[in-house]
Protein chains: 2
Amino acid sequence: MKFLFSICLFICLSFSSFAKDGYELWLDYSPVENAEMKAQITPLFSGIFFFGESPTYEVIRKELEIAGQKMLGKSPVYSPDRLGSASLWLGTREQLSQVLSLDQQVKIKDLGEDGFWIGKIEVNGKSYLSIVGNRPVGVLYGAFHWLKSIQTETFDQNTEIADNPKVKLRMLNHWDNLDRTVERGYAGFSIWDWHKLPGYVDPRYTDYARANASIGINAVSLTNVNANALILTTDFMKKAKVLADLFRPYGIKVFLTARFSAPIEIGKLKTADPLDPEVIEFWKRKTDEMYSFIPDFGGFVVKANSEGQPGPHEYKRNHAEGANVLADALAPHGGILIWRAFVYSHEVDEDRHKQANLEFEPIDGKFRDNVIIQVKNGAIDFMPREPFHPLFGAVKNTNLGMEFQITQEYLGQATQWVYLAPMWEEVLKSKTYRPAPTSTVAGIIDGTDSGQKLTLMAGVSNIGTERNWTGHLMAQSNWFAFGRQAWDHMLTSEQIADEWVKLTFGQKPEAIAKIKDIMLESHEAAVNYMMPLGLHHIMGRSHHYGPGPWVEGGRADWTALYYHRADSLGIGFDRTSTGSNALAQYAPELAQTWSDPNQIPEKYLLWFHHVSWNFELKSGKTLWEEIGLHYDQGVKTARKMQETWSSLESEIDPERFHHVSQLLAIQVQEAEWWRNSCLLYFQTFAKQPFPSEIEKPTGDLEYYKSLEFPNAPGIRPRW
Amino acid sequence: MKFLFSICLFICLSFSSFAKDGYELWLDYSPVENAEMKAQITPLFSGIFFFGESPTYEVIRKELEIAGQKMLGKSPVYSPDRLGSASLWLGTREQLSQVLSLDQQVKIKDLGEDGFWIGKIEVNGKSYLSIVGNRPVGVLYGAFHWLKSIQTETFDQNTEIADNPKVKLRMLNHWDNLDRTVERGYAGFSIWDWHKLPGYVDPRYTDYARANASIGINAVSLTNVNANALILTTDFMKKAKVLADLFRPYGIKVFLTARFSAPIEIGKLKTADPLDPEVIEFWKRKTDEMYSFIPDFGGFVVKANSEGQPGPHEYKRNHAEGANVLADALAPHGGILIWRAFVYSHEVDEDRHKQANLEFEPIDGKFRDNVIIQVKNGAIDFMPREPFHPLFGAVKNTNLGMEFQITQEYLGQATQWVYLAPMWEEVLKSKTYRPAPTSTVAGIIDGTDSGQKLTLMAGVSNIGTERNWTGHLMAQSNWFAFGRQAWDHMLTSEQIADEWVKLTFGQKPEAIAKIKDIMLESHEAAVNYMMPLGLHHIMGRSHHYGPGPWVEGGRADWTALYYHRADSLGIGFDRTSTGSNALAQYAPELAQTWSDPNQIPEKYLLWFHHVSWNFELKSGKTLWEEIGLHYDQGVKTARKMQETWSSLESEIDPERFHHVSQLLAIQVQEAEWWRNSCLLYFQTFAKQPFPSEIEKPTGDLEYYKSLEFPNAPGIRPRW
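Residues numbered from 1 in each chain as written. Chains lettered and ligands numbered in written order. Predicted model: local features only at pLDDT ≥ 70, side-chain atom pairs only at ≥ 80, totals over all residues. Heavy atoms only, no water.

### Points about the overall build of chain A
If you tally the helices and strands in chain A, you get 23 helices and 15 strands. Considered along the principal axes of its C-alpha atoms, chain A spans approximately 80 × 65 × 55 Å. Counting across all 719 residues of chain A, residues that qualify as buried make up 66%. Relative to all contacts within chain A whose residues are 6 or more apart in sequence, the contacts with residues 24 or more apart total 73%. Carbon and sulfur atoms make up 53% of the accessible area of chain A, which amounts to about 24,700 Å² in all. The averaged location of the 88 negative side-chain charges in chain A is 4 Å from the averaged location of its 72 positive side-chain charges. (Helix = DSSP H or I, 4+ residues; strand = E, 2+ residues; numbered from the N terminus. Buried < 20%, exposed > 50% of the residue type's maximum accessible area, 1.4 Å probe, protein only. Contact = heavy atoms within 4.5 Å. Areas by Shrake-Rupley, 256 points an atom, 1.4 Å probe, with all protein chains shown as cover. Lys, Arg positive; Asp, Glu negative; His and termini not counted. Charge placed at Lys NZ, Arg CZ, Asp CG, Glu CD.)

Right, dumping it as structure tokens:
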């Protein structure tokens, strides 16, 4: 009877897994059907032993319960002692010190505070598969790795695994407002229900922590960088404490955004001058209070003097003076101050591209040790493709962290399937030629090239209240990929896609291959149908939804015309020495190559050069022709993605199949809209016919220009 | 093997039903364990035959599939023909005309367009359980009734059932904005994802339609009465069409809110004067266009000249002139114009209570036949308890509809368990003494007393993006109860609670009794700890969250002082002839009784009278003592609700148990907060000690007054 029940439960769980709403993310644990794998793991699930106790081990037990039920149809069995019936050991190096060899201990110690080791330990002729870390959280990461390797069918108990993250802080930045709107959010609204906290703790918070821990994310900034000082009031600290307490066993530290003018807004001071003694005292008092609620509070994230946010410039102080007052308040508690490099105002230079370097290079070395400057991957603003930010390599004595945007502000928003890992990989692997000739962006970020100890990779979250977390089911892969790349930037986007697809859709070889195909071509497709060949910032105004190459008027560097500079002669932003000379902010090796329109990679051509419509590209075709071909190729790839997906109807559960199918249909329409709008618009300058190979853009340019989307998601709501 | 699979599936579905997130609402279909019931229904599920086809029958088939799987663990079986293996017949009276007796046909015909009949039809000595309506939607309502009767264990195939709704339009009003914020919404954000429509159709829309149809709701207004004219643009019509198409088989018609100034905002006219020929033409053209997309479009809902909304008064036209222009545009298509009676501006009278009657009585009879005036249950604004609105009975020649508020703006918002049916029942059963001495509010609404043919009961929706739809799980009962009361106002709140609890929690006698106990005392508890004895409008400003008896300044009739009028002598709003004389708007029989503070029901005392603190109530205690006792009783009942719920831990699944437990803890705190704030505040006027029997209010009045909630839900978000 019990056996029958077990079978039923198993069938039940596999059956219920057909109704897929996406809530389970990559922790869906499909039933293990591979007989060999089952034979390997069944005994392991039947003799689990933890060396010692920790709230984190409770978390592991809960995960093993879920995974055991879903993969094998039964609860894990725990061994009462380490020998006897035990077969799987978990614990820290210290806890296992009596059973680990000296070699093993050294090896594990070298893995650092978040690393883990999975291998066999022999005692009395019996071997025990062991998951060991230097801290309980390392054991947690190891356990998640082990569960993942079962799902991806890569687990082999005879293969030792040692892994540790390359970056210390692997962080999500939520741009979530206290009223639950999310700036640039396309997955509903904020999952943080501040109003009902601290009394009501949504079960979703736990699943959020599980998901993050499973991919190694260990820090979360809960609030928008366009900050509200209220978060620093006692009432909100009590609310944040509940989340911090809940996340702690998952190894996740809470950060909050600090509004630079908070001393005025909630401190009742007349100034926020960072050198004012009362302001210094305010930040110290507020920080001490925060640590009284959250003893392991991570620190503050600050956006200052950027897009209207207050900052030290109001008091004629520089960014270092602004950052250090907060850093000093945090330092006694071991807290970290993250200061964003995305700063610009239209007074500073004629090219916004240059501004961060202009402001930060002169104060290199002036920041406290516990400050990290968080730099967007490129100098403009998360465009579909950007060359790496010239700050990477330009400053030598300041901790630099990476900021990627997981939410798809410029890459399809709520409706497009764009796998972002290839774009991030491209940035991380970019050669900076500084400080060493072999340096890369990744090497600066992780300290190997820069020597910095405090390392950070942050991603702007794409998570919201939608049942499937990310709105577009496939956008889950971007959350996943961000975590994986932050852990190990040597992973390729293909490897990460492979893991994610298997964890999300199970072991279906044909489906896996096709879904990966779509993912891996999706980013290039989006670049092509939106902003190919180095074009940038030609999207709709304010909401950034859809094409807007005609956007002009108002603040210059918020228009499209400022960036594409199309005229009767050509198109592109001259950032060489004949133009803004932003190129000079890069290492000379790069600046030299890139300043030649015949040598620069064509994907960056119009980013740095104003080029004649008749300029000949490597294909032998003119620029005008290639622009047409790129836009058209983007649309064709989108259609191909749709066709490939359609062929999977029998492989994918109906709920997810239909969800993605509907969105792909929208994506194809939006790709056509981009192509038609941009080509018709640019043709008014180029005054040339379209290349014969491409599908002619259709529609009426005036109609496209007239479209308005006052309620597009991700912007300030208007009633 | 197949048998085994069936068993497994059954166990699986019952097992998975332990993980309850509330999404299933009252359509959870718990497994039928009662052997007798199972014996009755098993053959019925094994021989289903539909007489004819209809998209609505597809909907019924889907519901039978879900219900069959969940209740019996198997799919329903359809009979290929009406005789043979058939046992359950479904169809319209016309479709079944050959098998129905003449008596049966007459009886069914009398049930009208939405009624249904469930009974046995004998043919060739075999009897067939039959679900028959005059239209397919009647069959749908019958099918839902049948499924409900199985779940509540009231189904008996030998008992004939005939039922039909008392009100023609049973309608939800969504106060949902196009940017997905919801005015006075406490369950997340709007389920209408306008941005992704028409391309992306959220599966949730279908479950929304199922839920509404299952309780007889047949009309939904999708947009906020504080309207945005954009909804009348072609783009939005295309989006609304998708929803209308989806809802149609469920018998649900779509209404939209029309902004009175739309002719200016989207029509590019200089005026919205309802008598202007271009304005008349605008509404005709827009309405015709709407019907080209939605041939059975329900009509418009309009809030005009109220709280800043534009309206006919700007052009010196009255409400009838304003309403009739839209009504005339709708009439050729069979559309209905719903005009809200919630109109007030502070220029009109010293007592807002009187304003609707002052504006609508003089134009009684001036509205077109297809206009309904939608009147809130009371004259102020959905207070925890209000005497019925004096318009009911005052106008004789105008269609009046009821507007209830399901969302708990003034009744606990996001965190309190308050079952609203007793409040609505109290209003519906109130005697108006007009037009006939025996008339009631319900009799006016349903036409029996008023003679009106076009009847309406509308409820302001409490639905949002929260997984469980209503935020507080228990608030589902208010959605359910609204639908049931709109269908049949003779049902008692106890009967409705009984149905809902059984459908939601299954057949657990002890749990059912206790949950019903909590529900039935919850509204009186809330009145007591918020606004007892006729107190009203003493909540926090703007967001209306928590107590605010001290709210003063700004527009007078938006303050608390305006309404409670506490002074050293007493408290209460004198609405007798010595005061505003609002009482004169009621029937003389009522006005006379209520004008005597010794005769008026004490629950309305301070609504109509300014009474001395030492006024003696029926209990023999003074008003001041009774105010204290009522507030204290409210808190005690809230605590008792919490205790009762705690005793159910072993009866309720952990997910729902914990959800409600957390919220009840908040509710007790909020009840104490209300009591302490109000009593401490009123004591500053009464200057008397608290009665010895009550728990003394604690806390610091100045502290309570200082509390601010700028991000409370349900109001315009601020970044």
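### A short note on the packing of aromatic side chains
Residue and element names in this part refer to chain B. Applying the stated rule across the entire model yields 97 aromatic pairs over all chains. Relative to Trp89, the ring of Phe51 has its centre 5.1 Å away and its plane inclined at 75°; by these criteria the two rings are edge-to-face. You can see Phe51 sitting in the loop between strand 1 (48-50) and helix 3 (55-72) and its partner Trp89 sitting in strand 2 (residues 88-92), a full 38 residues away along the chain. Looking at Phe51, the relative accessible area reads 3%, which means it is buried. (Phe/Tyr/Trp six-rings, centres within 6.5 Å; stacked < 30°, edge-to-face > 60°.)

### A short note on the sheet that holds strand 2 of chain B
Residue and element names in this part refer to chain B. Taken in spatial order, the 5 strands make up an open sheet running 1-2-4-3-5, and their pairing is mixed. Each of the sheet's edge strands pairs with one partner strand only, and the pair in question is strand 1 and strand 5 (161-163). On average, each strand axis in the sheet is inclined to that of its neighbour by 25°, with strand direction left out of account. Bridging between strand 2 and strand 4 (residues 126-133) involves 5 bridges; their strand directions are parallel. Residue pairing in the sheet places Thr92 in a bridge with Gly133 of strand 4. (Pairing = 2+ DSSP bridges. Axes fitted to C-alpha atoms, helices over the stretch in contact; angles between N-to-C directions.)

### Describing the domain arrangement of chain A
Residues and elements named next belong to chain A. According to the domain assignment, chain A contains domain 1 (21-163), domain 2 (169-491) and domain 3 (528-573 + 610-706). Placing a centre on the C-alpha atoms of domain 1 and another on those of domain 2 gives a separation of 33 Å. Buried area between domain 1 and domain 2, summed over both chains or domains, comes out near 2,000 Å², and the portion from carbon and sulfur atoms is 60%. Connecting domain 1 to domain 2 are 3 salt bridges. As a salt-bridge pair, Arg170 and Asp114 come within 2.8 Å of each other at their nearest N and O atoms. Between the two partners, domain 1 and domain 2, sit 10 residue pairs in polar contact (both at pLDDT 80 or more). At the level of secondary structure, the elements contributing two or more residues to the side of domain 1 that touches domain 2 comprise helix 3 (55-72) and helix 5 (136-151). Here the side of domain 1 that touches domain 2 is composed, by residue class, of 13 nonpolar, 2 polar and 5 charged. (Domains from an automatic or database assignment. Buried area = accessible area lost by both parts, 1.4 Å probe. Salt bridge = Lys/Arg side-chain N within 4 Å of Asp/Glu carboxyl O. Polar contact = N/O pair within 3.5 Å; in protein donor to acceptor, adjacent residues only side chain to side chain. Nonpolar A, V, L, I, M, F, W, Y, C, P; charged D, E, K, R; others polar.)

### A few points about the pairing of strand 9 (residues 299-302) of chain A
Residue and element names in this part refer to chain A. Where strand 8 (residues 253-257) lies against strand 9, 3 bridges are found, and the strand directions are parallel. Directly across from Thr257, in strand 9, lies its bridge partner Val301. The pairing of strand 9 with strand 10 (residues 336-340) spans 4 bridges and is classified as parallel. Following the sheet pairing, Val302 is matched in strand 10 by Trp339. This β-α-β element, strand 9 to helix 10 (residues 319-330) to strand 10, shows right-handed connectivity. (Right-handed = clockwise from strand over helix to strand, strands pointing away.)

### Observations regarding the sheet that holds strand 8 of chain A
Residues and elements named next belong to chain A. Read around the closed barrel, 8 strands run 6-7-8-9-10-11-12-13, paired in parallel fashion. Each strand axis lies, on average, 25° off the axis of its neighbour in the sheet, ignoring direction. Here strand 7 (residues 219-221) pairs with strand 8 via 3 bridges, running parallel. The residue of strand 8 that forms the bridge with Val220 is Val254.

### Notes on the side chain of B:Lys354
Residue and element names in this part refer to chain B. Mapped onto the elements, Lys354 comes out in the loop between strand 10 (336-340) and helix 11 (355-360). Looking at Lys354, its side chain comes within polar contact range of the main-chain oxygen of Ser580, at 2.7 Å. Residues within four places of Lys354 in sequence aside, it is in contact with Asp349, Ser580, Ala582 and Gln585.

### Regarding the packing of helix 6 (residues 203-214) of chain A against helix 7 (residues 234-247) of chain A
All names here are of chain A. Closest axis-to-axis distance for the helix 6/helix 7 pair is 10 Å, and the angle between their directions is 45°. By the angle class used here, helix 6 and helix 7 are oblique. Crossing angle aside, the handedness with which helix 6 passes helix 7 is right-handed. Of the residues in helix 7, those in contact with Tyr205, Thr206, Tyr208 and Ala209 of helix 6 are Leu243, Leu246 and Phe247. (Parallel < 35°, antiparallel > 145°, perpendicular 65-115°, else oblique. Left-handed = near helix turned anticlockwise from the far one by under 90°.)

### Some remarks on unusual backbone geometry
What you tend to see is this: most non-glycine residues have negative phi, and most peptide bonds are trans. Look at the link from B:Leu197 to B:Pro198: it is a cis peptide, with omega at 0°. Looking at the secondary structure, you find B:Pro198 in the loop between strand 6 (169-173) and helix 6 (203-214). Here the bond from B:Arg434 into B:Pro435 is cis, since omega is -5°, no more than 30 degrees from zero. Positionally, B:Pro435 belongs in the loop between helix 12 (421-428) and helix 13 (441-445). The backbone of A:Leu25 sits at a positive phi, close to 55°, despite the residue not being glycine. Along the polypeptide, A:Leu25 turns up in the loop between helix 1 (2-16) and helix 2 (35-45). Assessed through its relative accessible area of 5%, A:Leu25 is described here as buried. Phi angles above zero are rare outside glycine, and B:Tyr433 is one such case at about 65°. Position of B:Tyr433 among the secondary structure elements: in the loop between helix 12 and helix 13.

### Description of the pattern of salt bridges
When the charged atoms of two side chains with opposite charge come close together, those side chains can pair. For the coordinates displayed, the defined rule picks out 102 salt bridges over all chains. Between B:Glu466 and A:Arg180 there is a salt bridge, and its shortest N-O distance comes to 3.8 Å. Taken together, the positions of B:Glu466 in the loop between strand 13 (456-460) and helix 14 (476-487) and A:Arg180 in the loop between strand 6 (169-173) and helix 6 put the pair across two chains. By relative accessible area, which is 16% here, B:Glu466 ends up buried. Classification of A:Arg180 by relative accessible area gives buried; the value is 12%. Taking the shortest distance from any N to any O, the salt bridge between B:Glu409 and B:Arg184 comes out at 3.1 Å. Linking B:Glu409 in the loop between strand 12 (400-405) and helix 12 with B:Arg184 in the loop between strand 6 and helix 6, this pair joins segments that are 225 residues apart in sequence.

### Topic: helix 13 (residues 421-428) of chain A
Residue and element names in this part refer to chain A. With respect to burial, helix 13 is a largely interior element, 7 of its 8 residues being buried. Every buried residue belonging to helix 13 is among Ala421, Pro422, Met423, Trp424, Glu425, Val427 and Leu428, and all of these are buried. Taken together, the buried residues of helix 13 touch strand 12 (400-405), helix 14 (441-445), strand 13 (456-460), helix 15 (476-487), helix 16 (493-505) and helix 17 (509-530).

### Points about the packing of helix 2 (residues 35-45) of chain B against helix 3 of chain B
Residue and element names in this part refer to chain B. For the pair helix 2 and helix 3, interaxial distance at closest approach is 12 Å and the crossing angle is 140°. With respect to each other, helix 2 and helix 3 are oriented oblique. Where helix 2 crosses over helix 3, the two elements pack in a sense that is left-handed. Residues Lys38, Ile41, Thr42 and Phe45 of helix 2 pack against Leu64, Gly68, Met71 and Leu72 of helix 3.

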